[in-house]
Amino acid sequence: MTAVLSVQGDFAEHEAALHALGEPTFELRQKNDLERPFDRLVLPGGESTVQRKLVTDLGMYEPLRERIGFDIPVFATCAGLILLADYFKTLPVTVRRNAYGRQTGSFYTEGNFKGIGPIPMTFIRAPFVEQVQDGVVVKSVTDGHITGVQYRRQLGISFHPEMNGDSKLYAYFLAL
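These remarks concern the structure in this document. All of these numbers come straight from a predicted model, not from anything done at the bench. (Residues numbered from 1 in each chain as written. Predicted model: local features only at pLDDT ≥ 70, side-chain atom pairs only at ≥ 80, totals over all residues. Heavy atoms only, no water.)

**Quick notes on the nonpolar core**
Phase 1 of the analysis: Leu5, Leu28, Leu41 and Leu64 are the most contacted members of the largest nonpolar core, which has 31 residues in total.
Phase 2 of the analysis: Of all elements in the fold, only β1 (2-5), β2 (25-28), β3 (40-43), α3 (61-69), β4 (74-77), α4 (79-87), β5 (93-96) and β10 (145-151) reach the threshold of two or more residues within this core.
Phase 3 of the analysis: Examining the composition of this core, we find that 6 residues originate from one element, α4, more than from any other.
Phase 4 of the analysis: Residue contacts for leucine 28: discarding those within four places in its chain leaves Ala3, Val4, Leu5, Ser6, Val7, Asp33, Leu34, Phe38, Leu41, Met60 and Leu64.
Phase 5 of the analysis: Core analysis: the second largest hydrophobic core is formed by 23 residues, Ala17, Tyr100, Met121 and Phe159 among them. (Core = buried A, V, L, I, M, F, W, Y, C linked by side-chain atoms within 4.5 Å. Buried < 20%, exposed > 50% of the residue type's maximum accessible area, 1.4 Å probe, protein only. Helix = DSSP H or I, 4+ residues; strand = E, 2+ residues; numbered from the N terminus. Contact = heavy atoms within 4.5 Å.)

Laid out in structure tokens, this is it:
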């Protein structure tokens, strides 16, 4: 069962992509939701500052960080990547927020993802990874910038796979 952080952002699209692969999900909207059993976690795109504030205000920070520390598979996209690296501090990378500029700097491309091959990538006010520490595997590079990483069972990407109708990245996550 995959839990999807659902306080803000594009969580419904992630749920739909996972359901299409037969993976049951449920939404994490408040602290009590964390009492339900789950063995995977999705941290969606959206606005990382708002997500961080809501997770803190709702008392979800410590329980989520603890769960992530149990080495469950985590799939963090765009703002979720920022949360994983800068807020939960479980992904040992340095992230540059809004690296591709404002909304008008958004773009679509296809790129190679190590272990999967070519996949569609939609970047919306996206971050990228500036620096990785030992143990982090670079999974994708776009225009010379790191846009996908894996550390143990944490998968962090700069782009939005939920917008492209391609399930390869979700299948990869489910196999972690």
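**Some thoughts on the side chain of glutamine 150**
Phase 1 of the analysis: One can find glutamine 150 in strand β10.
Phase 2 of the analysis: Judged by its relative accessible area of 12%, glutamine 150 falls in the buried class.
Phase 3 of the analysis: Polar side-chain contacts of glutamine 150 include one of 2.9 Å to the backbone oxygen of arginine 152.
Phase 4 of the analysis: If we ignore the near neighbours within four places in the chain, the residues touching glutamine 150 are Gly135, Val136, Val137, Lys139, Leu155, Tyr172 and Leu176. (Polar contact = N/O pair within 3.5 Å; in protein donor to acceptor, adjacent residues only side chain to side chain.)

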